[in-house]
There are 4 protein chains.
Amino acid sequence: MSHARPGDMVLFIAKDRKRYLVRLTEGGTLQTHNGVIQHDDIIGEPLGRPVQSHLGVPFLVLEPSTEDLILELKRATQIMFSKDVGHVLMKLSVRAGSRIVEAGTGSGGLTLALARAVGPEGHVYSYDSNANALKIAHKNLEALGLLERVDFKERDIAEGFDETDVDALFLDVRTPEEYLSQTRAALKQGGFFGAIVPTANQVSELLDALARFAFANIQVEELLVRPYKTLPGRLRPMDRMVAHTGYLIFARPVESPFGQMIGHGAGKMVWPPDAPAINESEED
Amino acid sequence: MSHARPGDMVLFIAKDRKRYLVRLTEGGTLQTHNGVIQHDDIIGEPLGRPVQSHLGVPFLVLEPSTEDLILELKRATQIMFSKDVGHVLMKLSVRAGSRIVEAGTGSGGLTLALARAVGPEGHVYSYDSNANALKIAHKNLEALGLLERVDFKERDIAEGFDETDVDALFLDVRTPEEYLSQTRAALKQGGFFGAIVPTANQVSELLDALARFAFANIQVEELLVRPYKTLPGRLRPMDRMVAHTGYLIFARPVESPFGQMIGHGAGKMVWPPDAPAINESEED
Amino acid sequence: MSHARPGDMVLFIAKDRKRYLVRLTEGGTLQTHNGVIQHDDIIGEPLGRPVQSHLGVPFLVLEPSTEDLILELKRATQIMFSKDVGHVLMKLSVRAGSRIVEAGTGSGGLTLALARAVGPEGHVYSYDSNANALKIAHKNLEALGLLERVDFKERDIAEGFDETDVDALFLDVRTPEEYLSQTRAALKQGGFFGAIVPTANQVSELLDALARFAFANIQVEELLVRPYKTLPGRLRPMDRMVAHTGYLIFARPVESPFGQMIGHGAGKMVWPPDAPAINESEED
Amino acid sequence: MSHARPGDMVLFIAKDRKRYLVRLTEGGTLQTHNGVIQHDDIIGEPLGRPVQSHLGVPFLVLEPSTEDLILELKRATQIMFSKDVGHVLMKLSVRAGSRIVEAGTGSGGLTLALARAVGPEGHVYSYDSNANALKIAHKNLEALGLLERVDFKERDIAEGFDETDVDALFLDVRTPEEYLSQTRAALKQGGFFGAIVPTANQVSELLDALARFAFANIQVEELLVRPYKTLPGRLRPMDRMVAHTGYLIFARPVESPFGQMIGHGAGKMVWPPDAPAINESEED
């Protein structure tokens, strides 16, 4: 059984579902509206058990999941949701040993998941032009002991990335279509490219640019998570859910002579061509 | 730029979207209805480029993503979809160094994603009572060079798991509610439990059992992936999508005295209590 | 161009999206936090234009849609959402001249849509055991001038319905499976049966009972509405959506000798049998 | 109990779920791969019961629902799905007595639902430039005895509609944004406008035009129907579902002076302004 140590991140869950993500320090305290909790009551003890505040109110103490960390870390900006992060890891083939570039860093939610996934053998290069966001992300990764797997770089990525031949590259920026030249320079041929954008218009812009820059196997997907209430005899979805976080786009940079075949103009084609439509009218 | 070597898994994509997942061997061939491809035309060369069959038909050759591997590997049974696998990795906090138990193995789709995620420092213990499924999963993991990170065990898990104090445990079996005692014995207190079941009735059964076995922070979720067509000027979802793969259930085993507080009987409660309903009628 | 008359229901939409559903009366006023509006400023004038409060704040005045009416009418209970109501009209083949039974009445949201759809030639029989709900529904239908198409009945439907041979019957009650005998007595053979329930457990209960009571062509469906933001250059779904209103169940009462064939026991079958599964494992 | 008469549309459902929509004629026959059925075996008898083909194979005979009619009628083109049709009826406030314009007619699926909803007091004006589609729609409506409620017009709607001051107008055409001038001329001020388009790009085009033509209360929505398997003890969604039929757009034409306030240019605004975003980053 693992025991809590100073420096560990732990999650307190109160009866009212309020959650507190805390880094344990000797002598530290957590102030809540249900009373004060002493970190020393947790340090040295196993997790997965209740602790009481000085008012006698119980809190459940748990190791946070990767999703908990993403949700609860200090935020500079809109975060990527865990559902999208997990899918991106699968699509970009991120694994122990991978070398990954991402921009922008934002609050570091994807960064921390990437850093966990690439392990000590891999590395993450995370770019953002916003110094404040980088500072917050740096603190977040530091709290998790993951700093040695990540290089944070304050940079307008229009100037390009320092790395070459990386395994995967992910863009969470406003106009990803403007950085495909820089992307191709950093990403190995046949590597894994991904992006997230909030609007359909941005998807169209990016799709257009991807074809011009000889990306193939282009995929666009949305993920929806539907949470349920958990009473066994009254199983049903929650009343409300997140309807949209972003459109995910994935593609593979391919050899240029081949790339010349692809695109949407005359004599060109996307590769592979779009699946034949089912039940589709001619005018569509 | 990385070059293909004998033993590498590569993905061939034909113009008709047909996909071939192949392990390269010197002198090997891939037979397709569009002609024969010589492995030696790929070995030693970079990926992300076209090769031609003896009939002159081009194929795109790529490194497969984790999703591609899951989709295209040899199957013994229904597989877990990549969207669910990625989400499970986030929810179970799987990362470099994790020790994970899973049952059943099935075709090894989740197994391979877990093996990639835990890295050389971690380990996966994968149980199945079906010898044939284990054989196929073994071959699949072997082809990816991941065997040293996985122990396959032919076992009816009613007899229990060999491991204790593992970080996470995932059940993809018909009646997960019957194995919670075994689960608690293998999983560390406060660890990460997950399961997938196809029917709502099974969710109810499992939720009921989880409360009895002192699991807290119970969550039930569905993931939906909505794929889009990729013409920039005609952006729209595909006509059809997968409507259901399974319900995902997540929970944390907690200390028993605390666990005694939780449940659904008189004087009991789940922890945390279910979120207050929005817009809900009294009879619901 | 139609002009507003006393007695008309109109919808005021404020700049802050707040909506006010109002029945116009000569000399009447609408009090808002953005000032007072005189009904007489609307009466005799065309709709689809702005009026100003005494503070000079503009409001758009519109004829309410059926959805607006359902959403904005005075409520006794949880309402059925418009998306479900529209689907029910299609599934129950409700049309000018139909005779329909519904229980419970609730706030009369479905009642008003049914009354609009059956026209002066048809009729709606609406049952509820809750006198207060009936009172509110009565007022709502009266305000729309639809009372002559509806009979409200305060009744525990365990005692049965007064009507026979009706075209369609819809149950929005807690335990619809308990009233199938009464339903069969009121609904013509081959007629249209529908129900809405909030939980999966209730669906199972009802499905089980429908087979025993010789209902065929059973269908279970959920409807999800995904609303979008409406900026042309930034098209994207809203951030949040309603995740669940209820499960809709539809079925047809069929002749008993035929009905004896159907069910889930030995030598029985549902009609038509469930569609063959796609990509389904054996254990499912 | 209602009995089948010559001229009635009935639906035969075979054990293999194959469905046959048939208009009964004395002496008529239905040929199926499970044998021949004599219409005379149905005429004069109640529905909701089985009949046997000459091979002794049973078929269930039912009155078709509005959805069945839409799905099974003879098609010239892609049809609107029942889920969308029902929602449109609610959003356009279609009811007994309404006067409605639609274009294009297509196969008449929406036309028949509109004709059923407006009753003998209302009327539907249905435009299409495709003579063949109109011919098929005409036959479909004739078979249902609804011709007297519908005027079909072969016309390029760029030339305008004949009607004025109609209650609602629906466009199911490729470029609805090109016909808003004609729409405003036909539709009463404050009336109900709707459209369906398959692509996100078309939604953007239409939204842009609606603001220029002084439409307010603009809404964009998608509907998803999720069908379930109906085994009570194994409740679960079907494996596959329709992912997309079209984007639905609704709006209200408002008085021009007011309309001048609205739009997206300098000093303009849509009415009401888009809902404030939840959890949204600045750059979105």
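Just so we're clear, the structure is a prediction, and the values are computed from it rather than from any experiment.

Time to look at the overall build of chain A. When helices and strands are counted, chain A shows seven helices and 15 strands. Relative to its full complement of 284 residues, chain A shows a buried share of 63%. Within chain A, residue pairs in contact and separated by at least 24 positions form 58% of the contacts whose partners lie at least 6 positions apart. In the form shown here, chain A has an accessible surface area of approximately 10100 Å², with 46% of it arising from carbon and sulfur atoms.

A word on the pattern of salt bridges. Should the charged atoms of two oppositely charged side chains come close, the side chains can pair. Within the structure shown, the criterion is met by 68 salt bridges over all chains. Salt-bridge contacts for Arg19 of chain D lead to Asp68 of chain D; the nearest nitrogen and oxygen are separated by 2.3 Å. Here Arg19 of chain D, found in strand S2 (residues 19-23), pairs with Asp68 of chain D, found in helix H1 (residues 66-72); they are 49 residues apart in sequence, far enough to count as distant. Here the residues in one salt-bridge network are Glu63 of chain A together with Arg95, Asp167 and Lys188 of chain B, joined through shared partners.

Attention shifts here to the interface of chain A and chain B. Of the residues lining the interface, 93 residues belong to chain A; the matching set on chain B comes to 93 residues. Summing both partners gives a buried area of about 8100 Å² for chain A against chain B, and 57% of it is carried by carbon and sulfur. Run the count over chain A and chain B and you get eight salt bridges. Where Arg226 of chain A meets Glu222 of chain B, a salt bridge forms, and the shortest distance between an N and an O atom there is 3.6 Å. Across the chain A-chain B interface, the total number found is 33 residue pairs in polar contact (both at pLDDT 80 or more). Here the side of chain A that touches chain B takes 14 residues from strand S12 (residues 215-229) of chain A, the largest share from any one element. Looking at side-chain class alone, the side of chain A that touches chain B contains 46 nonpolar, 17 polar and 30 charged residues. As paired elements, S12 of chain A and strand S12 (residues 215-229) of chain B share nine bridges and run antiparallel to each other. Note that in S12 of chain B the partner of Pro227 of chain A across the bridge is Glu221 of chain B.

This next bit is on the relation of the copies chain C and chain D. For the match of chain C to chain D, the screw axis carries a shift of 0.0 Å, the RMSD comes to 0.0 Å, and the turn is 180°. Viewed as a symmetry operation, the transformation between the two copies matches a two-fold axis. Closest approach to the rotation axis within chain C is made by the C-alpha atom of Gly86 of chain C, at a distance of 2.0 Å. An overlap of 100% is found between the interface residues of chain C and their copies at the interface of chain D, pointing to a shared contact surface.

Right, let's talk about the confidence of the model for chain A for a bit. Residue and element names in this part refer to chain A. Summing up the model confidence of chain A, the mean pLDDT is 90 and the portion of residues at 70 or higher is 89%. Overall, residues 263-269 carries pLDDT values under 50, and its contacts beyond four positions in sequence, including any with other chains, amount to 17 contacts. In the predicted structure, residues 274-284 sits below a pLDDT of 50 and forms 22 contacts with residues beyond four places in sequence or in another chain. Reported confidence for the predicted complex is 0.91 by ipTM and 0.92 by pTM.

Residue and element names in this part refer to chain D. Here Thr32 shows up in strand S3 (residues 29-32). Owing to a relative accessible area of 14%, Thr32 belongs among the buried residues under this scheme. Through-space distance from the C-alpha of Thr32 to that of Asn130 is 32 Å; in sequence the pair is 98 residues apart. Ignoring any residue separated from it by four or fewer positions in sequence, one finds Thr32 in contact with Tyr20 and Phe59. Of the polar contacts made by the side chain of Thr32, one reaches the backbone oxygen of Gly35; its length is 2.8 Å.

What follows concerns helix H3 (residues 109-118) of chain C. Across the ten residues of H3 of chain C, ten count as buried, placing the element largely inside the fold. Listing the buried residues of H3 of chain C in full gives Gly109, Leu110, Thr111, Leu112, Ala113, Leu114, Ala115, Arg116, Ala117 and Val118 of chain C.

A word on the sheet that holds strand S5 (residues 49-52) of chain C. Residues and elements named next belong to chain C. Read from one edge of the open sheet, four strands run S2-S1-S6-S5, paired in antiparallel fashion. The outermost strands of the open sheet, each flanked by one partner alone, are strand S2 (19-23) and S5. For this sheet, the mean inter-axis angle between neighbouring strands, taken without regard to orientation, is 35°. Bridge count for strand S1 (residues 9-14) against S2 is five bridges, and the pairing is antiparallel. Each residue of the ladder has a partner; that of Ile13, found in S2, is Arg19.

This next bit is on the interface of chain C and chain D. Taken together, the 92 residues of chain C in the interface contact 93 residues of chain D. Applying the counting rule to chain C against chain D returns eight salt bridges. Applying the counting rule to chain C against chain D returns 33 residue pairs in polar contact (both at pLDDT 80 or more). No other element matches strand S12 (residues 215-229) of chain C, which puts 14 residues into the side of chain C that touches chain D.

This part is about the packing of aromatic side chains. For the structure shown, the criterion picks out 16 aromatic pairs over all chains. Residues Tyr228 of chain A and Tyr247 of chain B carry aromatic rings whose centres are separated by 5.6 Å and whose planes lie at 90° to one another, so their mutual orientation is edge-to-face. Here Tyr228 of chain A is found in strand S12, whereas its partner Tyr247 of chain B is found in strand S15 (residues 247-253) on a different chain. On the accessibility criterion, Tyr228 of chain A (2% relative accessible area) is buried. Tyr247 of chain B sits in the buried class, given a relative accessible area of 1%. Over the ring of Phe215 of chain B we find Arg184 of chain B, and its NZ or CZ is 5.7 Å from the ring centre. Of note, Arg252 of chain D hangs over the ring of Phe192 of chain D, and the distance from its end group to the ring centre comes to 3.8 Å.

All names here are of chain C. Mapping Pro253 onto the fold places it in strand S15 (residues 247-253). Classification of Pro253 as buried rests on a relative accessible area of 1%. Measuring from C-alpha to C-alpha, the distance between Pro253 and Ala214 comes to 6.0 Å, with 39 residues separating the pair along the chain.

This brings us to helix H2 (residues 82-91) of chain C. With ten of ten residues buried, H2 of chain C lies mostly within the body of the structure. Two residues or fewer past H2 of chain C, Ser93 of chain C is found with a positive phi of approximately 60°.

By secondary structure assignment, the location of Glu63 of chain C is in the loop between strand S6 (58-62) and helix H1 (66-72). A polar atom in the side chain of Glu63 of chain C sits 3.3 Å from the side chain of Arg95 of chain D. For Glu63 of chain C, the side chain forms a polar contact with the side chain of Lys188 of chain D, separated by 3.4 Å. With residues up to four places along the chain from it excluded, the contact list for Glu63 of chain C reads Leu47 of chain C together with Arg95, Lys188, Phe192 and Arg252 of chain D.

Time to look at the packing of H2 of chain C against helix H2 (residues 82-91) of chain D. H2 of chain D packs onto H2 of chain C with a crossing angle of 115° between their chain directions and a minimal axis gap of 7 Å. One finds that H2 of chain C runs roughly perpendicular with respect to H2 of chain D. For the element pair H2 of chain C and H2 of chain D, the recorded crossing hand is right-handed. Judged by residue contacts, Ser82, Lys83, Val85, Gly86, His87, Leu89 and Met90 of chain C of H2 of chain C engage Ser82, Lys83, Val85, Gly86, His87, Leu89 and Met90 of chain D from H2 of chain D.

What counts, and where the lines are drawn
Residues numbered from 1 in each chain as written. Chains lettered and ligands numbered in written order. Predicted model: local features only at pLDDT ≥ 70, side-chain atom pairs only at ≥ 80, totals over all residues. Heavy atoms only, no water. Helix = DSSP H or I, 4+ residues; strand = E, 2+ residues; numbered from the N terminus. Buried < 20%, exposed > 50% of the residue type's maximum accessible area, 1.4 Å probe, protein only. Contact = heavy atoms within 4.5 Å. Areas by Shrake-Rupley, 256 points an atom, 1.4 Å probe, with all protein chains shown as cover. Salt bridge = Lys/Arg side-chain N within 4 Å of Asp/Glu carboxyl O. Buried area = accessible area lost by both parts, 1.4 Å probe. Polar contact = N/O pair within 3.5 Å; in protein donor to acceptor, adjacent residues only side chain to side chain. Nonpolar A, V, L, I, M, F, W, Y, C, P; charged D, E, K, R; others polar. Pairing = 2+ DSSP bridges. Least-squares fit on C-alpha atoms with pLDDT ≥ 70 in both. pLDDT = per-residue confidence, 0-100. Axes fitted to C-alpha atoms, helices over the stretch in contact; angles between N-to-C directions. Phe/Tyr/Trp six-rings, centres within 6.5 Å; stacked < 30°, edge-to-face > 60°. Lys NZ or Arg CZ within 6 Å of the ring centre and 35° of its normal. Parallel < 35°, antiparallel > 145°, perpendicular 65-115°, else oblique. Left-handed = near helix turned anticlockwise from the far one by under 90°.

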